[in-house]
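# A structural walkthrough
Each chain, letter by letter, is given below.
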Amino acid sequence: MKKKKWQRSTGIKGLLLILQYLLLGTGIFLGLFLLTLCTHGLRLSDSGKDYLDSKAFANTFYDATYDVTHAISCTFPYTDSLKEDIPGTVIDLNEIATDEKISFHNTSGLAYSLSDLEKWAKDFDTSSGNPIVICHLASSDATDSLFWCYYYVDDFLKRIDNGEFTFSVNPDYYGYDSEVFSTDEASTEETGTNQIISQIREDLHYGVADDLSGIQIEASDGKVLFDSISLYQGYYEPTEAYSPQGADSVLAVLNSDSRWNSRIEEAFESLYNLLCQVEFYTQQKQVLESYSQGHSNMSYVYINEETGQVLSNDSKLADRLENDSISKDTVSNRLSGKSPYILIQSGSDDFTSNLNGLDNQNTFPGNDITYSSWKESVGSMLSGINGNFVFAACVDQTFPVSDTFSTGKTFFDSYSRYPQPVFFLFLLCILLFLASFVWLTTVAGRKSTDEELHLCFFDCWPTELAAGFVLFSCFSVASLFLRCLSFADYQIAKLQASLVDASLLFTLLLLGLHTLFWFQIGYLSLVRRIKAKQLWKNSCLRWLLRLLVKITRKTSHKLHSLADFYSRNTAARLKVTFAFLGFVFFKYVIFGLFLGNIQLFFLFSFCADLLLLFFCITKAYHREQIIKGLKEISDGNLQYKISLERLSGDDKRMAEYINNIGSGLDAAVENSVKNERMKTELITNVSHDLKTPLTSIISYIDLLKRENFTDPKVLEYLDILEAKASRLKILTEDVVEASKASTGNLTLNMTNIDFAEMLHQVIGEFEECLEAHHLTMMVQFPDEPSIIYADGQRLWRVLENIFGNVTKYAMEDTRVYAEVRNSRDHVIFTLKNISSQPLNFAAEELTERFVRGDVARNTEGIGLGLSIAKSLTELQGGKFQLYLDGDLFKVTITFQAQSTRKADGKVPAQPEPEVR
C-alpha cells in the first residue's frame, strides 16, 4: 500500500488556512498597536530610555518650535501695533494692493481698523454677497477724476422705487416685439418698454443681468444721470459687516475719492486678501497664546538682531534680555540653568542643544528630527522677517503644566517598553504567514493518497472571469479596509495618548480577514491552474484568439473556394454572374437615369421583377423534372426517360445525359444478370454432369471393396479412392447449394421451430467431434422456448456449417461458448471460440466464396461453409454476422421471434437487433 503524505492531507490544509487567519488577525492588531506607538513618537530605540533622552521627546519639542516659529513669522508684521495696544490701529488697502510695508495709518482714504478686521475675519464668508451696479456718469456731470458711481443693487432699486432714478430704455435695441418680451397685449411701444423694465428689475434683483446695453438712468426731472449701467462681475462681492475708517461703505469711498473711483476691482481684491491674512493672523495668534506662560512647559525667545525686538512667552526672560546686550552668548547664559534646550542663530551653522534624542544625520525610517533639519525648518520659518535672528527654546523638565509634553511623558512611561517586542512579534507573524503560504502553494491541488492534480469547481471558470471576480471582491473590501485604516490614523492623531477604538479595530480585523479569504481563493486557484497547465488553456483570451484564427481561416478558405468555384466551369458561372450584374445595372441605373418619373420607374422595376420571377419559376420546374428522373433511376426504374419538350439550354442537355445514363445502366444491369444466370447455369450443369460419373466411381469403388482383397496396399488405395470420391461429392453438392442459395433458387418449408431445442440436437451430433479436438462446450440457453419461423432442414445446414467450422479451426484445449437470448422481439444465437490460426483479415472476407481461415490449407474444406450459412440465414429472414477480435471468432445469428410474425405468414423485414 502506498504511503500517505501527511503534509498534503485535508486536515493539514485546513489547519494552515485557520493559522493564516489567526496570523493575519494578530498581525493587524500588532500593526495597529505599533502604528499607534509610532504616531505618538515612540521608536524601537527608545526602549529603556528616559523620556527626555528619547526621540519621542525630540519630535514633540520640534513640533512645538515649528508651531511657534511659524506663528511668529505670520504675526510679526502686526506685532509692533499690538504691543503698543493703540485702539485706532488701521490697515490701509492701498498698501495691501501695492504690496508695500504696512504703516498702520490711513494713507489712501480706504482703511479698516485692525480690531474690526479681526472680528470680521471670524465670520468671513465668501459664498454670498451683495451685487453691485456700476453706473457711468453722463458727460455733463463727469469731472476730470470721477467717471463712475457704484450702488448696491438693493439701494439702486430703492432709488428706482422712490422715483429718484428712472429707467430710460431704447426699445429698438431690445426689440420689444420679439418673443422674449412680447405678449398678446403688447401691441404698443409703451407696453413693450414696460416689459423690458420689469425684466431688467428682476434680473438686477437676482444679479443675473448680463446685457444692460441701451439702458440709461434719468433723474425725476428727466435729466440723464448715467448714460450706461452694468453689473459688477469682479473678484469678490462682499457683504460689508464693518465700515472703513471715515466712511459708511467701500462704495462711498469709491464714489467720492478720485484715487479709488476707477479701482473697484483692486479695492475688493485687496479687501479679500486682507481678510484672509487677518483670519490667518488670528489663528496663528491663538497658537502663540496656547504656548503662553502658564499654558506650556516650553519657554521660547526670538531676538531680531537688526531691530533689537524680543518676543518671548517668558516675560522675565524677555526683560532681562532687553536690559542686556543681545547676543548668542547672552541667550546661552540665560538658558544654561534650564534643560533641555536648543539655540539657533541665523547667518551661521551653529545649532546648540543638549538633547540626546537627536541624530547628526538622517536615519531609518527617515522621519526623525536631526540637527540640520531642525535648523533648516526654523530658518525657513523666520526667513521672511528682515534681519538676523536668534531663536532659543527650553522645556521645564519637571512638567508643571499639562500640555503635549506632559501628555507625551505619560504615554512614553506607559508604553515605551512595548515597541521592540511588538515589532518582533509582528515580524514573526509575517514570516509564519509567508511560510504557510509557501506550504499551501506546494500542496495546492494535491491529495495525500495519490499524485494526481485535483481541480475544484472554481478552477473550471474561465481565467479572466475568475480573476475579475476575485479582484473585484478583494479591491472592494480592501478599499473599505484602507478607509478604516485612514480613519484609524486620524483617530490616533486626535486621541493622542489613547489607542484605537475597539469597534474600529474589530472592523479592521473583519475586513482584513475577508480580504484574505478572497485572496486565498484566487491565489490557490491560480496555483492549481498553473500546475494543471489550465491558466492559458482555460482563458477567454485564448478562446477569442482561436476564434479569430478560425474565422480568418474560414474566410480564407471561403475566398479560396470562391476562386476555385470560378476556376472550374468558369464560362457558366461567369455567365450567371454577369447576367445578374446586368439585371441590377439595367434596373437601377438605366431606369434611374432615363426615367425621371418615379411612378414609371416603379412600374418598369415591377415588370423586371416579374420577368425575373418567371425565369426562376421556369428554372425550378426544370430542376424538379431532372430530380424526379434521377429519383426514378436511383429507385431501379432504369427505363424511365425525362421529357425534353419543355426543357431548354443546359437543363435540356443535363436531362439528355441522365436519360443516356439510365439506358446505359439498364443495359449493364441486364448484361450482369445475364452473366450471373449463365454462371449459375454453368455451375449447375457442370455439377449435374459430374454427378453421373461420380456416382459410377463410388459404385465401382463399393464393388471393388466387396471382392475381399487381402493385399493391404490395395485396401489402402480403395480407402483413399472412397474418401476422395466422397469429398468430391460433397464439394459438388456444396457448389450447387451455394449457387442456389445466392440466387434464391430454393424452396423453403417454413415452420415454427424451437431454436434452442435444435441447437441441443446439433451439439449432440458434434459431441464426439468436439471431444476429439479437446474442445469444451459452454452452453447458456433460456428456460423459456425460443420459437422462430424457419426451414428446419436449411437451418440445420446453417448450424452444421458453423459448428463444423469450429471443429476445424478452433484451438484445442479451449472452451466454445454457445448462447441463446430472447431479446425484445428477436432470438439471438451467439457462438464464440478461439482460433488456432491468426485471423489477419476482415470478418467480411470469411463469408465470401472459397475463402478459408486456414491460409496454409492444412485442414479439409473449400471455403463455402460460412458463405452457404450466411445465404441460407438471410434467405429465411435472419441475420448472419461475424466478429473478429484478435484470435476471438464470434458468430451471431438473429431471427425474429415467432410472436412478432405478420398475420399473412410472410417473413417480415428484420430490424437492427440488439447484439452483445
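Residues numbered from 1 in each chain as written. Predicted model: local features only at pLDDT ≥ 70, side-chain atom pairs only at ≥ 80, totals over all residues. Heavy atoms only, no water.

Bringing the sheet that holds strand β3 (residues 132-137) into the picture now. Backbone-to-backbone hydrogen bonds join strands into a sheet, with any given pair of strands oriented parallel or antiparallel. Judged by pairing direction, the sheet is antiparallel, and its five strands sit side by side in the order β4-β3-β7-β6-β5 without closing on themselves. Each edge of the open sheet is held by one strand with a lone partner, namely β4 (148-152) and β5 (166-169). Averaged over all neighbouring strand pairs, the angle between strand axes comes to 35°, with direction disregarded. Inspection of the sheet shows strand β6 (residues 215-218) paired to strand β7 (residues 224-231) by two bridges, in the antiparallel sense. Its bridge partner lying in β7, Glu218 is registered against Val224. Against the sheet, helix α6 (residues 153-162) makes contact with β3, β4, β5, β6 and β7, and its axis sits at roughly 95° relative to β4, the strand it touches most. (Pairing = 2+ DSSP bridges. Helix = DSSP H or I, 4+ residues; strand = E, 2+ residues; numbered from the N terminus. Axes fitted to C-alpha atoms, helices over the stretch in contact; angles between N-to-C directions. Contact = heavy atoms within 4.5 Å.)

This part takes up the nonpolar core. Within the largest apolar cluster, 48 residues are counted, with the highest numbers of intra-cluster contacts made by Phe61, Met298, Trp374 and Phe391. Of all the secondary structure elements, the ones that give two or more residues to this core are α1 (10-39), α2 (55-75), β8 (298-304), β10 (341-345), α13 (371-382), β12 (389-395), α14 (404-415) and α15 (419-443). Apart from residues no more than four positions distant in its own chain, Trp374 is found in contact with Ala58, Phe61, Tyr62, Thr65, Ile342, Ile344, Phe351, Leu355, Leu358 and Ile369. By size, the runner-up hydrophobic cluster in this structure holds 39 residues, among which are Val762, Leu770, Phe880 and Ala897. (Core = buried A, V, L, I, M, F, W, Y, C linked by side-chain atoms within 4.5 Å. Buried < 20%, exposed > 50% of the residue type's maximum accessible area, 1.4 Å probe, protein only.)

So, about the sheet that holds strand β19 (residues 888-896). Spatial ordering of the open sheet is given by β14-β16-β17-β19-β18, a layout of five strands whose pairing is mixed. The open sheet has two edge strands, β14 (775-780) and β18 (879-885), and neither has a second partner. Strand after strand, the sheet turns through a mean of 15° between neighbouring axes, direction not considered. Taken together, the nine bridges between strand β17 (residues 826-834) and β19 define a ladder with antiparallel strand orientation. In the strand pairing of β19, Ile828 is matched with Thr894. The strands that helix α25 (residues 792-809) touches are β14, β16 (814-823), β17, β18 and β19; relative to β17, the one it contacts most, it runs at about 20°. Helix α27 (residues 865-875) contacts β18 and β19 of the sheet and is inclined by roughly 140° relative to β18.

Positive charge collects at one region of the surface, where Arg546, Lys550, Lys554 and Lys558 lie side by side. With respect to the helices and strands, the residue Lys554 is situated in helix α18 (residues 540-567). (Patch = residues over 30% accessible without salt bridge, like charges linked within 9 Å, V, L, I, M, F, W, Y side chains within 5 Å. Areas by Shrake-Rupley, 256 points an atom, 1.4 Å probe, with all protein chains shown as cover. Salt bridge = Lys/Arg side-chain N within 4 Å of Asp/Glu carboxyl O. Lys, Arg positive; Asp, Glu negative; His and termini not counted. Charge placed at Lys NZ, Arg CZ, Asp CG, Glu CD.)

It is worth spelling out the packing of aromatic side chains at this point. Evaluated as defined, the whole model comprises 29 aromatic pairs. Look at Phe57 and Phe405: their rings are 5.9 Å apart centre to centre, the planes differ by 55°, and that puts the pair in the tilted class. Of this pair, Phe57 sits in helix α2 while Phe405 sits in helix α14, placing them 348 residues apart in sequence. For Phe57, a relative accessible area of 0% puts it in the buried group. Relative accessible area serves as the criterion here: at 0%, Phe405 is assigned to the buried category. A ring pair is formed by Tyr151 and Phe226, whose centres lie 6.1 Å apart and whose planes are at 65°; its orientation type is edge-to-face. Linking Tyr151 in strand β4 with Phe226 in strand β7, this pair joins segments that are 75 residues apart in sequence. The same class applies to Tyr151 as to Phe226, namely buried. Over the face of the ring belonging to Tyr817 we find Lys832, whose NZ or CZ atom lies 6.0 Å from the ring centre. Sitting above the plane of the Tyr883 ring, Lys890 keeps its charged end 5.2 Å from the centroid. (Phe/Tyr/Trp six-rings, centres within 6.5 Å; stacked < 30°, edge-to-face > 60°. Lys NZ or Arg CZ within 6 Å of the ring centre and 35° of its normal.)

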